[in-house]
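Report on the structure
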Amino acid sequence: MSHESSGRDANPGDAWTVIAYLLSGLLLWGGAGMLLDRWLETSFFVLVGMLLGGVSAIYLVYIRYGRS
Amino acid sequence: MTVLGKAGEEFTPPSSRDFELPEIFGDGTILTKPMLLVLLSTVIIAVFFYAAARRAAIVPGKLQFAGEGVYGFVRDGVARDVIGPDFLKFVPYLVTLFSFIVVNNVFGIIPVIQFPPMSRIAFPAVLAIISWLVFNYIGVRRKGAFRYFKDMMFPPGVPKPVYLLLAPIEFVSTVVVRPLTLALRLFANMFAGHLLLLVFILGGEHLLVSGGLLAAVSIPAFLLGIVLTFFELLVQVLQAYIFTLLTALYIAGALADEH
């Protein structure tokens, strides 16, 4: 589905965009988990957040680049 | 220690202090070497392209060939390949960006000059901010703010609840991480490269003046310094290319239609 409308091929710059996604996912949800930990005085939400963020980011990469 | 030369002065390894250059006139006039080099680079680029375009002939001379080579490389190799049909509007910005970064980077290995201005974070930061403004402005103007952010944050074909996880990642990666990595990548590469050359060349010099056996060891240090200088040339051109390529890619992303 979602046929590539711009019709461009894979590009060496895409690798950097993928890294930006992974980084954002980990930092964003990991950070959210950390804040939750600090608030609730627990210590496992960082891990949950980072896993969630990492998985979401990989899924996002799949959505943006993996489907054709 | 006698064989290894006199262990006189300690060797002070190069550090980030080597990047904090004094004011040239030293009287409160805020003009430093990197600033001067950036000014010089604009003059060089202006003269180069003016001279290359003046008396443009169908059979190009050497200078015209070089000028058209740079322009053609960015226009065809970066802008047209990445952006697609609407690429022509963005060629001037991309060519300017590429030539500006490449000249400033190569300053890092030109004898006597030997300082890459992009190793001071302010210069890449400003370039990244300009690129950030350009691609966001283009996206908002093309699609309107609402649809621009909707296309950015809500890729199609995803179950609705998942957007709760994905949309913030998209937003952060586009609006925050992109300009940050753009600036940091260029800065860090130039910073590290310059530091590396300092280590080998200043280290080699220290070994040489220490005398004795250490003086002989300075030869491989200098040799490696020369090899790394050529390696730096590669990195400098590559980083200019990557910066330009990513800017083009972001512009293409801002223009792309999602369905």
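To be clear, the structure that these remarks concern was listed above.
Residues numbered from 1 in each chain as written. Chains lettered and ligands numbered in written order. Predicted model: local features only at pLDDT ≥ 70, side-chain atom pairs only at ≥ 80, totals over all residues.

**So, the overall build of chain B**
Assigned secondary structure in chain B consists of 7 helices and 0 strands. For chain B, the α and β elements follow one another from N to C terminus as α-α-α-α-α-α-α. Taking 2.2 N^0.38 as the reference for a compact globule, 259 residues should give roughly 18 Å; the C-alpha atoms of chain B span a radius of gyration of 23 Å, well beyond that estimate. Taken over the C-alpha atoms alone, chain B extends approximately 75 × 55 × 40 Å along its principal axes. Taken over 259 residues, chain B has a buried fraction of 32%. A separation of at least 24 residues holds for 66% of the contacts in chain B among residues at least 6 apart in sequence. (Helix = DSSP H or I, 4+ residues; strand = E, 2+ residues; numbered from the N terminus. Rg over C-alpha atoms; globule rule 2.2 N^0.38 Å. Buried ≥ 20, exposed ≤ 12 C-beta atoms within 10 Å, placed from the backbone. Contact = placed C-beta atoms within 7 Å.)

**What to know about the packing of helix 6 (residues 163-210) of chain B against helix 7 (residues 213-255) of chain B**
Two elements in contact, helix 6 of chain B and helix 7 of chain B, have axes separated by 8 Å at closest approach and are oriented at 170°. Classified by the angle their axes make, helix 6 of chain B and helix 7 of chain B are roughly antiparallel. (Axes fitted to C-alpha atoms, helices over the stretch in contact; angles between N-to-C directions. Parallel < 35°, antiparallel > 145°, perpendicular 65-115°, else oblique.)

**Remarks on the interface of chain B and chain A**
Contacts between chain B and chain A engage 23 residues on the former and 22 residues on the latter. If you list the elements that add at least two residues to the side of chain B that touches chain A, you get helix 6 and helix 7 of chain B. Tallying contributions element by element places helix 6 of chain B first for the side of chain B that touches chain A, with 10 residues. By residue class, the composition of the side of chain B that touches chain A is 15 nonpolar, 5 polar and 3 charged. (Nonpolar A, V, L, I, M, F, W, Y, C, P; charged D, E, K, R; others polar.)

**Brief notes about helix 2 (residues 62-83) of chain B**
Residue and element names in this part refer to chain B. Taking 1.5 Å per residue as the helical rise, helix 2 with its 22 residues ought to reach 32 Å, and the 30 Å between its terminal C-alpha atoms agrees with that figure. In the structure, helix 2 departs most strongly from a straight axis at Arg-75, where the bend amounts to approximately 25°. Restricting attention to buried positions, one finds in helix 2 the residues Gly-67, Val-74, Val-78, Ala-79, Val-82 and Ile-83. Where helix 2 is buried, its residues touch helix 1 (33-53), helix 3 (91-106) and helix 7. Remark: Gly-84 follows helix 2 within two positions and exhibits a positive phi of approximately 90°. (Expected span 1.5 Å × (residues − 1). Bend = angle between axes of the 7 residues up to and from the residue.)

**A closer look at unusual backbone geometry**
Positive phi, normally seen in glycine, also occurs at Glu-41 of chain A, with a value near 55°. We classify Glu-41 of chain A as exposed; it has 6 C-beta atoms within 10 Å. A positive phi angle is found at Gln-114 of chain B, which is not glycine, with a value near 40°. Residue class for Gln-114 of chain B comes out partly exposed when judged on the 15 C-beta atoms lying within 10 Å of it.

**Focus: the environment of Val-38 of chain B**
All names here are of chain B. Tracing the sequence through the fold places Val-38 in helix 1. Counting along the chain gives 211 residues from Val-38 to Leu-249, while the straight-line C-alpha distance between them is 26 Å. Setting aside anything within four residues of it in sequence, one finds Val-38 in contact with Asn-104, Pro-117 and Phe-123.

Function cannot be inferred from these measures alone, as they are strictly geometric.
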